[in-house]
Amino acid sequence: EGLVSIMKAWDINVDEVEREVMDNINTLGNKFAESNADIVEGMKRSAAALAATGTSWREAFALFTGSQEINQQAEVTGRALRSISLRLHGYSEESTDDLMEVDESLSNISGELIDLTKTAQHTQGISIFKPGSTTEFRELTEYFQDIHDIWDEMTEKQQNDFLQKAFGKTQAQSGAALIQNISSVRKALEEMEDAAGSADREMGVIT
């Protein structure tokens, strides 16, 4: 059931499932403070929204890992990733997987988030958009790395307001976990580069 959710969200061919999904999930489950079942549970709740807004499955697995290591609640972490993906792109959190509805209250969220990340050392703030663009979004891993780098420069009020604006009030704690543990997100991406054969080796042990 979990594999089907991931395959459908990212339109992954059945011939690619073992290497792109099973090997990666098994590697992360073995090397980080999470289980394979945790990752699948989180993706069931967030894959469609993440995929629809341009996040790759490897990036999604890594983002989940960073937050889950601290949260230890797969369902909550999955909902948080769904929330951040929809909110940053201006969609309603009530949107279904098949119908992404624009939320007028989020129409200026990108500008508000930039303002909240302006500090004495970084007067321009951190943008979710690629340099020189107001329509092309950056990768979430890159964006949150930049937020992490200036986090201690932000006031406590800026931090709290950013988390509530970006993740929503109920998911703010998961957002904080993701920002604080961004090093694990990067490490997860590195581990997946060498994950080929992980699922077969796991089955070999069982055999």
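In this text, all values refer to a predicted model and were calculated from it rather than measured experimentally.

Each value, and the rule that gives it
Residues numbered from 1 in each chain as written. Predicted model: local features only at pLDDT ≥ 70, side-chain atom pairs only at ≥ 80, totals over all residues. Heavy atoms only, no water. Axes fitted to C-alpha atoms, helices over the stretch in contact; angles between N-to-C directions. Helix = DSSP H or I, 4+ residues; strand = E, 2+ residues; numbered from the N terminus. Parallel < 35°, antiparallel > 145°, perpendicular 65-115°, else oblique. Contact = heavy atoms within 4.5 Å. Nonpolar A, V, L, I, M, F, W, Y, C, P; charged D, E, K, R; others polar. Salt bridge = Lys/Arg side-chain N within 4 Å of Asp/Glu carboxyl O. Buried < 20%, exposed > 50% of the residue type's maximum accessible area, 1.4 Å probe, protein only. Phe/Tyr/Trp six-rings, centres within 6.5 Å; stacked < 30°, edge-to-face > 60°. Left-handed = near helix turned anticlockwise from the far one by under 90°. pLDDT = per-residue confidence, 0-100. Expected span 1.5 Å × (residues − 1). Core = buried A, V, L, I, M, F, W, Y, C linked by side-chain atoms within 4.5 Å.

A word on the packing of helix α8 (residues 156–167) against helix α9 (residues 172–180)
And step 1. Interhelical geometry of α8 versus α9 gives an angle of 110° and a closest axis separation of 8 Å. Taken together, the axis directions place α8 and α9 in an arrangement best described as roughly perpendicular. For the pair α8 and α9, contact is made by Phe 162, Leu 163, Gln 164 and Phe 167 and by Ala 172, Gly 175, Ala 176, Leu 178 and Ile 179, respectively.
And step 2. Its residues assigned to classes, the contact of α8 with α9 comprises seven nonpolar, two polar and no charged.

Structural notes on the pattern of salt bridges
Note on pairing: side chains with opposite charge can pair once their charged atoms come close.
And step 1. Counting across every chain of the model gives 15 salt bridges.
And step 2. Arg 58 is the salt-bridge partner of Glu 20, the closest N and O atoms lying 3.3 Å from each other. Of this pair, Glu 20 sits in helix α2 (residues 17–31) while Arg 58 is found in helix α4 (residues 57–71), placing the two residues 38 residues apart along the sequence. Each member of the pair Glu 20 and Arg 58 is classed as buried.
And step 3. Between Glu 41 and Lys 44 there is a salt bridge, with its nearest N and O atoms 3.9 Å apart. In this pair, Glu 41 and Lys 44 both sit in helix α3 (residues 36–52), three residues apart, roughly one turn of the helix.
And step 4. It is possible to trace a salt-bridge network through shared partners that takes in Glu 1, Glu 41, Lys 44, Arg 45, Glu 75 and Arg 79.

A closer look at the packing of aromatic side chains
And step 1. Enumeration according to the criterion identifies four aromatic pairs in this entry.
And step 2. Ring geometry for Trp 151 against Phe 162: centres 6.2 Å apart, planes inclined by 75°, an arrangement best described as edge-to-face. Of the two residues, Trp 151 sits in the loop between α7 (140–150) and α8 while Phe 162 sits in helix α8, which places them 11 residues apart along the sequence. Here Trp 151 matches Phe 162 in class, with each residue buried.
And step 3. Three or more aromatic residues joined by ring pairs make a cluster, and in this case those are Tyr 143, Phe 144 and Phe 167.

Looking at the packing of α2 against α4
And step 1. Contact pair α2 / α4: the axes reach a minimum separation of 11 Å and the direction vectors enclose 15°. If you check the angle between α2 and α4, you find them roughly parallel. Where α2 crosses over α4, the handedness of that crossing is right-handed. On the side of α2, the interface is formed by Arg 19, Glu 20, Val 21, Asn 24, Ile 25 and Leu 28, while α4 contributes Trp 57, Arg 58, Phe 61 and Thr 65.
And step 2. Residues belonging to the contact of α2 with α4 are distributed by class as follows: five nonpolar, two polar and three charged.

Digging into unusual backbone geometry
And step 1. The phi dihedral of Asp 11 falls on the positive side, at around 55°, and the residue is not glycine.
And step 2. With respect to the helices and strands, Asp 11 occurs in the loop between α1 (2–10) and α2.

Remarks on the confidence of the model for the protein
And step 1. A residue-level look at the protein finds 96% of positions with pLDDT of 70 or above and a mean pLDDT of 91.
And step 2. Model confidence for the protein, summarised as mean pLDDT per element, is weakest for helix α6 (residues 109–116) at 90 and strongest for helix α10 (residues 182–193) at 97.

Points about α10
And step 1. Helix length check: α10 (12 residues) gives 18 Å between terminal C-alpha atoms against 16 Å at 1.5 Å per residue, within 8%.
And step 2. Every buried residue belonging to α10 is among Ile 182, Ser 184, Val 185, Ala 188, Glu 191 and Met 192, and all of these are buried.
And step 3. Summarising the contacts, the buried residues of α10 are in contact with α2, α4, α7 and α9.

Considerations on the nonpolar core
And step 1. In this structure, Trp 10, Met 43, Phe 61, Tyr 143, Phe 144 and Phe 162 are the most contacted members of the largest nonpolar core, which totals 49 residues.
And step 2. The element that contributes the greatest number of residues to this core is α4, accounting for six residues.
And step 3. Look past the residues within four positions of Met 43 in its chain and what remains in contact with it is Ile 6, Trp 10, Ala 60, Phe 61, Phe 64 and Leu 81.

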